[in-house]
Amino acid sequence: MANLTLLKEVKSLPKLSLASSHLEYFEWEESLDDFFYGHRLSEISYAEETLANDIFYWWIDYEKINSCETWSDMKAVLQDLFLSPFGRKMVADAYGSTS
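Criteria and thresholds
- Residues numbered from 1 in each chain as written.
- Predicted model: local features only at pLDDT ≥ 70, side-chain atom pairs only at ≥ 80, totals over all residues.
- Heavy atoms only, no water.
- Helix = DSSP H or I, 4+ residues; strand = E, 2+ residues; numbered from the N terminus.
- Rg over C-alpha atoms; globule rule 2.2 N^0.38 Å.
- Buried < 20%, exposed > 50% of the residue type's maximum accessible area, 1.4 Å probe, protein only.
- Contact = heavy atoms within 4.5 Å.
- Areas by Shrake-Rupley, 256 points an atom, 1.4 Å probe, with all protein chains shown as cover.
- Lys, Arg positive; Asp, Glu negative; His and termini not counted.
- Charge placed at Lys NZ, Arg CZ, Asp CG, Glu CD.
- Axes fitted to C-alpha atoms, helices over the stretch in contact; angles between N-to-C directions.
- Parallel < 35°, antiparallel > 145°, perpendicular 65-115°, else oblique.
- Nonpolar A, V, L, I, M, F, W, Y, C, P; charged D, E, K, R; others polar.
- Salt bridge = Lys/Arg side-chain N within 4 Å of Asp/Glu carboxyl O.
- Expected span 1.5 Å × (residues − 1).
- Arc of directions from axis to C-beta.

A. Looking closely at the overall build of the protein. From N to C terminus, the protein includes 6 helices and 0 strands. Secondary structure elements of the protein, listed N to C terminal, follow the sequence α-α-α-α-α-α. Taking 13 Å as the expected radius of gyration for a compact globule of 99 residues, we find that the protein reaches 13 Å, a close match to that expectation. Based on the C-alpha atoms only, the size of the protein along its principal axes is roughly 35 × 25 × 20 Å. Per-residue burial for the protein yields a buried fraction of 38% across its 99 residues. Of the contacts made within the protein by residues no fewer than 6 positions apart, 65% connect residues no fewer than 24 positions apart. Taken as a whole, the protein presents about 6,000 Å² of accessible surface, with 54% of it coming from carbon and sulfur. Averaged over its 8 positive side-chain charges, the protein has a centre that lies 5 Å from the centre of its 17 negative ones.

Shown next as structure tokens:
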């Protein structure tokens, strides 16, 4: 991440964690969509900066097996995780709790 101004800006965006509600998930996604609009960036690496540890560690392991090439790919995976009745529990059991 060469651009420190953009890195500071992305650090100010909402964090996504297992404790995030469905609404907070969509607010996180929208804030990143707005951030990426008009920027030609390595979107996934910037999005990773907004993940709390519980989701970040799961994401790194996920990426070792299932490569996501675009922000759209990443959003689809995280939507499945956050909107699935079992996805969040699976990650919580393996990587941390939601409390």
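We are not done yet, so read on.
B. Representation of the packing of helix α2 (residues 22–36) against helix α5 (residues 71–83) in the model. The contact between α2 and α5 brings their axes to 11 Å, and the two run at 170°. What the angle tells us is that α2 and α5 run roughly antiparallel. For the pair formed by α2 and α5, the contact residues are His22, Tyr25, Phe26, Trp28, Glu29, Leu32, Asp33 and Phe36 on the first element and Trp71, Lys75, Leu78, Gln79, Phe82 and Leu83 on the second. A per-class count over the contact of α2 with α5 returns 9 nonpolar, 2 polar and 3 charged.

C. Just the pattern of salt bridges, in detail. Per the counting criterion, the structure on display carries 3 salt bridges. The salt bridge partner of Lys11 is Glu49, with a shortest N-O separation of 2.8 Å. Of the two residues, Lys11 sits in helix α1 (residues 4–11) while Glu49 sits in the loop between α3 (43–48) and α4 (53–65), which places them 38 residues apart along the sequence. Measuring nitrogen to oxygen at the nearest pair gives 3.1 Å for the salt bridge that ties Asp33 to Lys75. Of this pair, Asp33 sits in helix α2 while Lys75 sits in helix α5, and the two are 42 residues apart along the sequence. Taking the relative accessible area as the measure of exposure, Lys75 reaches 15% and is therefore buried.

D. Quick peek at α5. In this model, α5 (13 residues) spans 18 Å end to end at C-alpha, consistent with the 18 Å of a helix rising 1.5 Å per residue. Looking at α5, one finds that the buried residues are Trp71, Met74, Lys75, Val77, Leu78, Leu81 and Phe82. Taken down its axis, α5 places every buried residue within 165° of arc, on the same side.

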